[in-house]
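Report on the structure
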Amino acid sequence: MKILLTGGAGYVGSACLRLLKQSGHQVVAFDNLVEGHPAAVDGAELVVGDIRDTQLLEKTLRDYDIEAVMHFAAATNVGESVVNPAYHYDNNIGGTLSLLNAMVAVGVKKILFSSTCATYGLNPVSPMAEDAAQDPCSPYARTKLAVEWMIRDFAHTYGMGFTILRYFNAAGASADGRFGEYHHPETHLIPLVLQDILNGPKALKVFGNDYPTVDGTCIRDYVHIDDLASAHLLAMEAIEDNTQEVYNIGTGNGQSVLDIIKACELVSGHQVVYTVVERRPGDAPELVADPRKLQSRLGWKPKYPKIEDTVRTAWMWHKICPQGYGEK
Ligand code: UDP
């Protein structure tokens with residue numbers, strides 16, 4: 001299939017792009033390179049542009065004869081979304097509206113959307129199935145939920161097929177350590193802990209230890225980036241013109257912030273120094289996936305069910321590429 005990946009040079013988008021390409025699909029990344037890195041697309045076609053540029057999107061869809069879109073491009077920093085909601089609403093909602101308009105104009109009728117477990121937010125159910133109530137607790141998560149509805153409405157009116165993938169926490173790096181997570185500035189837990197180990201302690205912070213969880217720190221379900229990519233491949237190959245599906249992508253296992261610190265210590269052989277500070281606004285106490293629908297309907301099986309194995313790949317990436325992709 002000929003597939004356009006918005007945000008295809010980002011952490012998750014590029015992992016999916018590389019797997020789709022290896023599996024024989026023709027892929028084009030469309031990325032403004034604010035968060036993405038040209039090196040991450042590993043020689044695949046890359047169009048540099050902003051998804052709010054509807055004309056450039058239309059041209060790209062036509063030029064490459066695109067049959068389906070995977071939509072990753074978004075502003076994703078939860079903390080920043082609280083400080084600057086306009087940026088997130090503009091990029092995520094305005095950007096998706098532009099994309100859907102371009103798809104309608106050109107007649108592209110299949111879309112996979114990167115949504116998030118953060119749309120479940122304060123729902124206390126654990127593990128979370130796809131039909132659980134969505135209760136987002138940050139502007140970022142609310143933009144993702146709004147986009148889910150936008151896609152449903154466009155699909156209904158224009159006869160599109162869609163699959164919404166709500167992922168839990170993407171983590172880890174490619175098995176050869178060549179492709180991994182690199183944000184600037186970095187805000188995610190696993191890279192921050194591993195960078196702290198590699199570069200010497202820089203005051204790692206644990207955001208709150210008074211949550212209603214086993215050790216008081218937030219619990220998340222960290223899913224390896226290659227397992228996330230294989231779920232996208234399976235969902236893409238199953239999508240039809242009338243598909244209307246939602247899948248959670250996670251391992252089904254929860255780890256607290258302190259569990260992650262322990263896993264990083266185990267894998268690296270170094271002790272981690274941290275201080276506990278205030279809760280970070282917008283954080284939900286616990287988000288763990290129920291992946292049974294993904295497993296039974298699409299036959300998904302994670303290659304990295306254990307957190308230590310996921311962290312080991314991230315550790316290798318940070319050791320091999322301490323400056324990430326290096327261009328920022
Ligand atoms: N976290 C933390 N210290 C940090 C970064 C993250 O304690 O410096 C916590 C954060 O509060 C959350 C978990 O680690 O409970 C995972 O955060 P991350 O930003 O990696 O992913 P998110 O769950 O926000 O998508």
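Quick word on the overall build of the protein chain
Looking only at helices and strands, the protein chain features 10 helices and 14 strands. In terms of overall size, the protein chain behaves like a compact globule, its C-alpha atoms giving a radius of gyration of 19 Å where 328 residues would be expected to give roughly 20 Å. Along the first, second and third principal axes, the C-alpha atoms of the protein chain reach 55 × 40 × 40 Å. By the burial criterion, 55% of the 328 residues in the protein chain qualify as buried. In the protein chain, once contacts between residues fewer than 6 apart in sequence are set aside, the share between residues at least 24 apart is 78%. For the protein chain, the separation between the mean place of its 28 positive charges and that of its 39 negative charges on side chains is 2 Å.

Some remarks on the site of the ligand
Residues in close proximity to the ligand total 14 residues, the closest being Leu 189, Lys 205, Arg 220, Arg 280 and Asp 283. A distance of 2.8 Å separates an oxygen atom of the ligand from a polar atom in the side chain of Arg 220. Measuring from an oxygen atom of the ligand, one finds a side-chain N or O atom of Asp 283 at 2.5 Å. Contact with the protein chains covers 89% of the free accessible surface of the ligand, which is 510 Å². Secondary structure elements with two or more residues in the shell around the ligand: helix 6 (189-199) and strand 8 (204-207).

Points about the pairing of strand 6 (residues 161-167)
Burial analysis of strand 6 places seven of its seven residues in the buried class, the great majority of the element. Side chains Gly 161, Thr 163, Leu 165 and Tyr 167 of strand 6 all project onto a buried face; the interleaved residues Phe 162, Ile 164 and Arg 166 project onto the opposite face, where all are buried too. Relative to strand 6, strand 5 (residues 110-116) runs parallel, the two sharing seven bridges. The residue bridging Phe 113 from the neighbouring strand is Ile 164, located in strand 6.

Overview of the sheet that holds strand 14 (residues 286-287)
Taken in spatial order, the three strands of this open sheet run 12-9-14, and their pairing is mixed. At either end of the open sheet lies a strand with only one pairing partner, and these are strand 12 (255-256) and strand 14. Of the strand pairs in this sheet, strand 9 (residues 219-220) and strand 14 are connected by two bridges, and their pairing is parallel. In the sheet register, Arg 220 faces strand 14, and the bridge partner there is Leu 287.

Observations regarding the side chain of Thr 310
Inspection of the secondary structure puts Thr 310 in helix 10 (residues 307-320). Here Thr 310 is in contact with Ala 171, Gly 172, His 224 and Tyr 304, once residues within four sequence places are set aside.

Reading the values: the criteria
Residues numbered from 1 in each chain as written. Predicted model: local features only at pLDDT ≥ 70, side-chain atom pairs only at ≥ 80, totals over all residues. Heavy atoms only, no water. Helix = DSSP H or I, 4+ residues; strand = E, 2+ residues; numbered from the N terminus. Rg over C-alpha atoms; globule rule 2.2 N^0.38 Å. Buried < 20%, exposed > 50% of the residue type's maximum accessible area, 1.4 Å probe, protein only. Contact = heavy atoms within 4.5 Å. Lys, Arg positive; Asp, Glu negative; His and termini not counted. Charge placed at Lys NZ, Arg CZ, Asp CG, Glu CD. Near = heavy atom within 4 Å. Polar contact = N/O pair within 3.5 Å; in protein donor to acceptor, adjacent residues only side chain to side chain. Areas by Shrake-Rupley, 256 points an atom, 1.4 Å probe, with all protein chains shown as cover. Pairing = 2+ DSSP bridges.

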